[in-house]
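The primary structure of each chain is shown beneath.
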Amino acid sequence: MQSPPQLAVDLYGHLGSSFGLGYGARSTKRLLEAVGVEVRPRHLALASHPADKDIDQSDTLSPPLLDLVHTNPNILQQTHGLLDSRTLQAPLRVGYWAWELEAFPDGWEPAFGDYDEIWSPSSFCATALSQRSPIPVIAVPHLLDWVRLDRLTQSRANSRIKDAEAEPFRFLTLFDYWSTTERKNPAGVIRAFQRAFPTKARGPRVELIIKASGAEQFPQERAALHQLAGDDPRIHWVERLLSEAELDALWLRCDALVSLHRAEGFGLTIAEAMAIGLPVVCTAYSGNLDFCPANSTLAVGWRPTPIGSTTGDYPEGAEWAEPDGDDAVEALRTLVADPARGQGLGARGQAAVRQRLSVEALAPILRQRLGTLLLQPSRRQLLALSPESAPPG
């Protein structure tokens with residue numbers, strides 16, 4: 001008996017680039033392949049984030065039934081020639097959008113007409129996008145690179161327990177300047193670190209490593225952050241694109257992750273830190289709450305705060321979170337003073353992420369969405385039936 005044809009998908013996204021949307025597209029590719037879908041990757045090149053990963057863009061054996069466009073409408077609008085809609089030939093079309101505010105993004109409404117359905121990385125995103133959507137908006141979270149993360153977890157387990165007298169306790173924070181320093185809030189991390197461990201006070205040996213991408217493209221923002229850090233010798237900057245091996249080595253050097261974000265669509269660095277058992281200090285707000293249940297992180301309280309002036313895609317007057325500085329200071333001190341609590345926190349965080357972001361958890365979501373799409377009339381079929389599309393009589 002001949003087996004049924006394999007479902008094929010053309011996946012358009014920033015698949016070859018090392019930044020959040022690129023990682024998200026590769027995560028979706030992993031999840032599609034995990035449920036048996038044949039994926040044809042189509043890299044969308046951005047000048048701001050040059051490709052640094054090899055992507056096999058060979059054709060699939062089956063004609064695609066679904067075009068999956070894994071980038072935001074504003075990027076397609078702002079980048080001339082990034083994607084010619086005439087190249088999208090599959091009968092079904094899904095957009096994968098990421099958004100970080102509770103308010104619906106200005107100017108995205110017309111893009112709904114191009115798709116049968118929208119996917120997004122968290123329930124937070126899906127709720128925001130559903131406010132004005134005439135089509136289904138479904139949370140399809142990112143499937144982490146568990147092969148790599150399992151390898152990192154094993155490397156951490158095999159490493160010798162560090163001597164607290166010989167090595168400092170290292171905090172890590174990571175961000176991309178293109179995601180805006182206002183949203184990612186590295187300034188809040190610097191302030192919390194220096195308040196928790198004043199330079200002139202006698203106290204534990206600590207360091208803060210700040211990994212930042214795109215610094216050369218944002219000289220004013222970079223200068224402001226360096227000025228805030230001052231000449232503190234405990235703060236170390238990594239401001240270049242790292243290879244995967246270099247980034248993994250950085251993860252292994254550090255003892256905790258700090259994310260005092262004002263808003264996250266998903267929270268990739270938080271998820272990866274939890275996946276390898278690192279304790280995490282993070283704002284208890286937005287997309288990361290999907291995989292950060294109680295007692296899995298040191299959750300930092302926050303208050304809703306209007307955005308003072310438009311920054312990037314985030315308009316003046318919209319609200320996001322302002323993390324509580326006192327909470328953050330207390331959390332950093334707790335991890336340094338109580339290693340056993342940090343170890344327990346790391347273990348609970350790892351268990352939470354492995355339960356919520358595993359292929360076993362996410363594959364049923366994707367199978368259900370694909371099954372639903374294949375059973376309903378496609379956007380093209382509905383357009384063909386509309387009076388406006390009928391030939392004149």
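Here we summarise the structure given alongside this text. (Residues numbered from 1 in each chain as written. Predicted model: local features only at pLDDT ≥ 70, side-chain atom pairs only at ≥ 80, totals over all residues. Heavy atoms only, no water.)

## Describing the sheet that holds strand β7 (residues 169–176)
Then step 1. Spatial strand order, β9-β8-β7-β10-β11-β12: six strands in an open sheet with parallel pairing. Single-partner strands in this sheet number two, and they are β9 (235–238) and β12 (298–300). Each strand of the sheet is rotated relative to its neighbour by a mean of 20°, with strand direction disregarded.
Then step 2. Here β7 runs beside strand β10 (residues 256–259); their pairing, made up of two bridges, is parallel. Looking at the pairing, leucine 172 lines up with leucine 257 of β10.
Then step 3. Those strands touched by helix α8 (residues 244–253) are β7, β8 (206–213) and β10, and its axis lies near 140° from that of β7. (Pairing = 2+ DSSP bridges. Helix = DSSP H or I, 4+ residues; strand = E, 2+ residues; numbered from the N terminus. Axes fitted to C-alpha atoms, helices over the stretch in contact; angles between N-to-C directions. Contact = heavy atoms within 4.5 Å.)

## Observations concerning helix α6 (residues 186–196)
Since the α-helix advances by 3.6 residues per turn, residues separated by three or four positions end up pointing in the same direction.
Then step 1. Counting buried positions over the 11 residues of α6 gives eight, a clear majority of the element.
Then step 2. All buried positions along α6 are accounted for by Pro186, Ala187, Gly188, Val189, Ile190, Ala192, Phe193 and Ala196. (Buried < 20%, exposed > 50% of the residue type's maximum accessible area, 1.4 Å probe, protein only.)

## Remarks on unusual backbone geometry
Then step 1. Unusually for a residue other than glycine, threonine 180 sits at a positive phi of about 75°.
Then step 2. In this fold, threonine 180 is placed in the loop between β7 and α5 (181–184).
Then step 3. For asparagine 185, which is not glycine, the phi dihedral falls at a positive 60°.
Then step 4. Looking at the secondary structure, you find asparagine 185 in the loop between α5 and α6.

## Focus: the nonpolar core
Then step 1. Trp119, Leu144, Trp251 and Phe291 are the most contacted members of the largest nonpolar core, which totals 51 residues.
Then step 2. Counting 33 residues, the second-largest nonpolar core is a separate cluster that includes Phe171, Val189, Val206 and Leu345. (Core = buried A, V, L, I, M, F, W, Y, C linked by side-chain atoms within 4.5 Å.)

## Focus: the pairing of β10
Then step 1. Every second residue of β10 is oriented toward a common face, with Ala256 and Val258 on one face and Leu257 and Ser259 on the other, all of them buried.
Then step 2. Pairing between β10 and strand β11 (residues 280–283): three bridges, direction parallel. In the sheet register, valine 258 faces β11, and the bridge partner there is valine 281.
Then step 3. Following the backbone out of β10, through helix α9 (residues 268–275) and into the adjacent parallel β11, one traces a crossover that is right-handed. (Right-handed = clockwise from strand over helix to strand, strands pointing away.)

## Brief notes about helix α1 (residues 20–34)
Then step 1. Over its 15 residues, α1 extends 21 Å from the first C-alpha to the last, a length consistent with the 21 Å expected when each residue adds 1.5 Å.
Then step 2. For α1, every residue scored as buried is listed here: Leu21, Gly22, Tyr23, Gly24, Ala25, Arg26, Ser27, Thr28, Leu31 and Leu32.
Then step 3. At the exit of α1 stands glycine 36, carrying a positive phi of roughly 90°. (Expected span 1.5 Å × (residues − 1).)

## A closer look at the packing of α9 against helix α11 (residues 339–356)
Then step 1. Close contact between α9 and α11 brings their axes to 7 Å; oriented N to C, the two are set at 115°. Relative to α11, the element α9 is oriented roughly perpendicular. In this structure, the crossing between α9 and α11 has a hand that is left-handed. Here Ala271, Met274 and Ala275 of α9 come into contact with α11, specifically with Gly346, Gly349, Gln350, Val353 and Arg354.
Then step 2. Looking at the contact of α9 with α11, its residues break down into four nonpolar, three polar and one charged. (Parallel < 35°, antiparallel > 145°, perpendicular 65-115°, else oblique. Left-handed = near helix turned anticlockwise from the far one by under 90°. Nonpolar A, V, L, I, M, F, W, Y, C, P; charged D, E, K, R; others polar.)

## Some points on the side chain of aspartate 116
Then step 1. Looking at where aspartate 116 falls in the secondary structure, it is placed in the loop between β4 (92–96) and β5 (117–120).
Then step 2. On the basis of relative accessibility, which here comes to 7%, the residue aspartate 116 falls in the buried class.
Then step 3. Within polar-contact distance, the side chain of aspartate 116 engages the backbone nitrogen of arginine 93 at 2.7 Å. (Polar contact = N/O pair within 3.5 Å; in protein donor to acceptor, adjacent residues only side chain to side chain.)

## Section: the pattern of salt bridges
Then step 1. Here the structure, examined in full by the defined rule, presents 19 salt bridges.
Then step 2. Between lysine 29 and glutamate 33 there is a salt bridge, with its nearest N and O atoms 2.8 Å apart. Residue lysine 29 and its partner glutamate 33 are both found in helix α1; the two are separated by four residues, about one turn of the helix.
Then step 3. On the accessibility criterion, lysine 29 (22% relative accessible area) is partly exposed.
Then step 4. The partly exposed category is assigned to glutamate 33, whose relative accessible area is 39%.
Then step 5. Among the ionic pairs, aspartate 248 bridges to arginine 151, the shortest N-O distance being 3.6 Å. (Salt bridge = Lys/Arg side-chain N within 4 Å of Asp/Glu carboxyl O.)

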